[in-house]
Amino acid sequence: MTAKTVKLTTEGGDFSYPLMEGSVGPDVIDIRKLYGETDKFTYDPGFTSTASCQSAITYIDGDQGILLHRGYPIDQLAEQSNFMEVAYLLLHGDLPKKKELEEFSYTISRHTMLHEQLATFYRGFRRDAHPMAIMCGVVGALSAFYHDSTDITDPQQRLIASHRLIAKMPTIAAMAFKYSIGQPFLYPQNNLSYTGNFLRMTFGVPAEPYEVNPIIEKAMDRIFILHADHEQNASTSTVRLAGSSGANPFACIAAGIACLWGPAHGGANEAALNMLREIGDVKHIKEYVARAKDKNDPFRLMGFGHRVYKNYDPRAKVMQQTAEAVLKELKVSDPVLDVARELEHIALNDDYFIEKKLYPNVDFYSGIILNAIGFPTEMFTALFALARTVGWVAQWNEMISDPEQKIGRPRQLYVGATQRDYVAVSKR
Ligand code: CMC
């Protein structure tokens, strides 16, 4: 069978480029020789048509609204698995056997403490610092504390760094929260689950025993699963790009956190809840929908739309069900949920949203759950970062082990001044 190719005709002649086939999804045109052969680059701001790597971790079919981790549908994982198991799956490629899961969970639990000196580091921040500012700083600083796991050429050090990042992230996020409200930091308690431990470090106080509410624990764990990985999104691509230069894993994940912070990415969960609160009542929805459609108004419906999903985000479906269940269980009635339901209904029946294929994404309902659990909005993106660390670490490891990996170095279409001679300031 002859390999499939794509022909390119230019004024300089005809060229042929191989088509690469994945296990599922669109073929990819291998243009690595394009510049060398044609003296031309491709132009693709935002990488809308560019595959930056080969990956076997996560698959998204945006038209069908499908998300698979290592082949497993996200809704099955969210309903039947738990975050530790999903973390193992993302890192190692297959679901763990019972003993493997026990060993993995044990290993992670043995890395949950932070170097004691890091508590001093926190004290350098203002109390009103955004938790994401603290996360960027503290995670970047881990490389100054764990020198024995920064040699990326050593697979053992890479594994230890991966475990450390996954294990310490809940401690780091919980400490950022505690710092903001002026309560003492709590040390991890390793007889609790990954998620239970995080809840205790966040909402517990040293003066009293803390009992983990299993309903909240389950919901939180599910939220972590839903955020664990998402293919080559902006923050993951940032982690890969930072890592492509050989930077240490802590620095790379700090770069990912910085990218995640933006409102078009991880910051959307915070922005979505703020927006729902601002709308306040179902009677104001029409006005906001009109603003979202107005080209001259920068307002967008936060928690709506996605670069890849042109159908309902499968994570949003699970998130919506979880929101309903959590509010019912906690006997919380939040008018914001009514606003969200009605906004979704109106937008999904509006021509603008139908034509542009804009559906609720993962961030539309997550804020309602996190708010009911007791998190302030500023913590939302930090929770996203906590969960996404697993994906970042899995993608970073995959990249480091990929023999085709090269330092990331896009080119450009230069539109600036052509060469000109310097003029002394006195003569300008
Ligand atoms: N409200 C109103 N109009 C929108 C929205 C929205 N939320 N999203 C996209 N559009 C319009 C946009 O104006 C554009 O219209 P036109 O073609 O007339 O110029 C069209 O839909 C396509 O949008 P785009 O900005 O070119 O699409 P993109 O793929 O570059 O952006 C997005 C994707 C997620 C940044 C965007 O949909 C958005 O800003 N959504 C709100 C923020 C949000 O919820 N982000 C979370 C994404 S999911 C979690 C994560 O990845 O972290």
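Here, every reference points to the structure presented above.
Residues numbered from 1 in each chain as written. Predicted model: local features only at pLDDT ≥ 70, side-chain atom pairs only at ≥ 80, totals over all residues. Heavy atoms only, no water.

**Digging into the overall build of the protein chain**
Step number 1: Along its length, the protein chain carries 18 helices and 6 strands.
Step number 2: In summary, the protein chain has a C-alpha radius of gyration of 23 Å against a globular reference of 22 Å for 428 residues, a match within 12%.
Step number 3: Once the C-alpha set of the protein chain is aligned to its principal axes, its extents read approximately 75 × 70 × 55 Å.
Step number 4: Pairs at least 24 residues apart make up 70% of the contacts formed inside the protein chain by residues separated by at least 6 positions. (Helix = DSSP H or I, 4+ residues; strand = E, 2+ residues; numbered from the N terminus. Rg over C-alpha atoms; globule rule 2.2 N^0.38 Å. Contact = heavy atoms within 4.5 Å.)

**Side note on the pairing of strand β2 (residues 13-20)**
Step number 1: When strand β1 (residues 5-10) meets β2, the two strands line up antiparallel, connected through 6 bridges. Of the residues in β2, the one forming a bridge with Val6 is Tyr17.
Step number 2: The turn linking β1 back onto β2 is made up of 2 residues.
Step number 3: Two strands pair when backbone bridges link them, and β2 and strand β3 (residues 28-29) are joined in this way by 2 bridges, in the antiparallel orientation. In the sheet register, Met20 faces β3, and the bridge partner there is Val28. (Pairing = 2+ DSSP bridges.)

**What to know about the sheet that holds β2**
Step number 1: The strand order β1-β2-β3 describes an open sheet built from 3 strands, whose pairing is antiparallel. Two strands close off the open sheet at either side, each with one partner strand: β1 and β3.

**As for the nonpolar core**
Nonpolar side chains in soluble globular proteins generally cluster together in the buried interior.
Step number 1: Formed by 118 residues in total, the largest nonpolar core has its most connected members in Tyr122, Ile257 and Phe375.
Step number 2: Looking at this core, the element that brings in the most residues is helix α18 (residues 380-400), giving 14 residues.
Step number 3: In this structure, Phe375 is in contact with Phe198, Leu199, Thr202, Phe203, Met220, Leu370, Phe380 and Leu383, ignoring residues within four places of it in sequence. (Core = buried A, V, L, I, M, F, W, Y, C linked by side-chain atoms within 4.5 Å. Buried < 20%, exposed > 50% of the residue type's maximum accessible area, 1.4 Å probe, protein only.)

**Remarks on a nonpolar patch on the surface**
Step number 1: Judged by side-chain polarity, Tyr43, Leu413 and Val415 come together as a nonpolar surface patch covering roughly 410 Å² of accessible area.
Step number 2: Inspection of the secondary structure puts Val415 in the segment after α18. (Patch = residues over 30% accessible without salt bridge, like charges linked within 9 Å, V, L, I, M, F, W, Y side chains within 5 Å. Areas by Shrake-Rupley, 256 points an atom, 1.4 Å probe, with all protein chains shown as cover. Salt bridge = Lys/Arg side-chain N within 4 Å of Asp/Glu carboxyl O.)

**So, the pairing of strand β4 (residues 58-61)**
Step number 1: Across 4 bridges, the pairing between β4 and strand β5 (residues 66-69) is antiparallel. If you follow Thr58 over to β5, its bridge partner there is His69.
Step number 2: In this structure, the hairpin formed by β4 and β5 is closed by a connection of 4 residues, where Gly65 is found at a positive phi of approximately 70°.

**A word on unusual backbone geometry**
Step number 1: Here Arg70, not a glycine, exhibits a phi torsion of approximately 50°, which is positive.
Step number 2: Take Arg70: its relative accessible area is 22%, and that puts it in the partly exposed class.
Step number 3: A positive phi is found at Lys331, a non-glycine position, where the angle reads about 55°.
Step number 4: Structurally, the position occupied by Lys331 is in the loop between α14 (314-329) and α15 (335-348).

**Details of helix α13 (residues 285-293)**
Step number 1: For α13, every residue scored as buried is listed here: Ile285, Tyr288, Val289 and Ala292. One side of α13 holds all its buried residues, which, seen down the axis, span an arc of 100°.
Step number 2: Packing partners of the buried residues in α13 comprise α12 (268-279), α15 and α16 (351-355). (Arc of directions from axis to C-beta.)

**Some points on the pattern of salt bridges**
Step number 1: Per the counting criterion, the structure on display carries 15 salt bridges.
Step number 2: As a salt-bridge pair, Asp128 and Arg126 come within 2.7 Å of each other at their nearest N and O atoms.
Step number 3: We classify Arg126 as exposed; its relative accessible area is 61%.

**Regarding the site of the ligand**
Step number 1: Neighbouring the ligand are 22 residues; His265, Lys295, Leu301, Gly303 and Arg307 lie closest to it.
Step number 2: A distance of 2.7 Å separates a nitrogen atom of the ligand from a polar atom in the backbone of Leu301.
Step number 3: At 2.8 Å, a side-chain N or O of Lys356 approaches an oxygen atom of the ligand.
Step number 4: Counted by class, the shell around the ligand contains 11 nonpolar, 6 polar and 5 charged residues. (Near = heavy atom within 4 Å. Polar contact = N/O pair within 3.5 Å; in protein donor to acceptor, adjacent residues only side chain to side chain. Nonpolar A, V, L, I, M, F, W, Y, C, P; charged D, E, K, R; others polar.)

**Some remarks on the packing of helix α4 (residues 98-109) against helix α7 (residues 155-181)**
Step number 1: At their nearest, the axes of α4 and α7 sit 8 Å apart, and the two run at 70° to each other. With respect to α7, the element α4 is oriented roughly perpendicular. Residues Phe104, Thr107 and Ile108 of α4 lie in contact with α7, whose contacting residues are His163, Ile166 and Ala167.
Step number 2: Taken together, the residues of the contact of α4 with α7 break down into 4 nonpolar, 2 polar and no charged. (Axes fitted to C-alpha atoms, helices over the stretch in contact; angles between N-to-C directions. Parallel < 35°, antiparallel > 145°, perpendicular 65-115°, else oblique.)

**Quick word on the sheet that holds β5**
Step number 1: If you walk across this open sheet you meet the 3 strands as β4-β5-β6, and the pairing is antiparallel. Each edge of the open sheet carries a strand with a single partner, namely β4 and β6 (72-73).

**Description of the packing of α15 against helix α17 (residues 363-373)**
Step number 1: With their axes 10 Å apart at the nearest point, α15 and α17 run at an angle of 170° to one another. In terms of orientation, α15 and α17 fall into the roughly antiparallel class. Where α15 abuts α17, its residues Val336, Leu337, Ala340, Arg341, Leu343 and Glu344 lie against Phe364, Tyr365 and Ile368.

**Some remarks on the environment of Leu337**
Step number 1: With respect to the helices and strands, the residue Leu337 is situated in helix α15.
Step number 2: Considering only alpha carbons, one finds Leu337 and Val362, 25 residues apart in sequence, at a separation of 15 Å.
Step number 3: Ignoring sequence-local partners within four residues, the contact set of Leu337 consists of Ala323, Glu324, Leu327, Tyr365 and Ile368.

**Some remarks on α14**
Step number 1: Counted at 1.5 Å a residue, the expected span for α14 with its 16 residues is 22 Å, and the 23 Å between its end C-alpha atoms agrees.
Step number 2: When α14 is considered as a whole, its buried residues turn out to be Pro314, Arg315, Ala316, Val318, Met319, Thr322, Ala323, Val326 and Leu327.
Step number 3: Residue Lys331 follows α14 closely and has a positive phi angle near 55°. (Expected span 1.5 Å × (residues − 1).)

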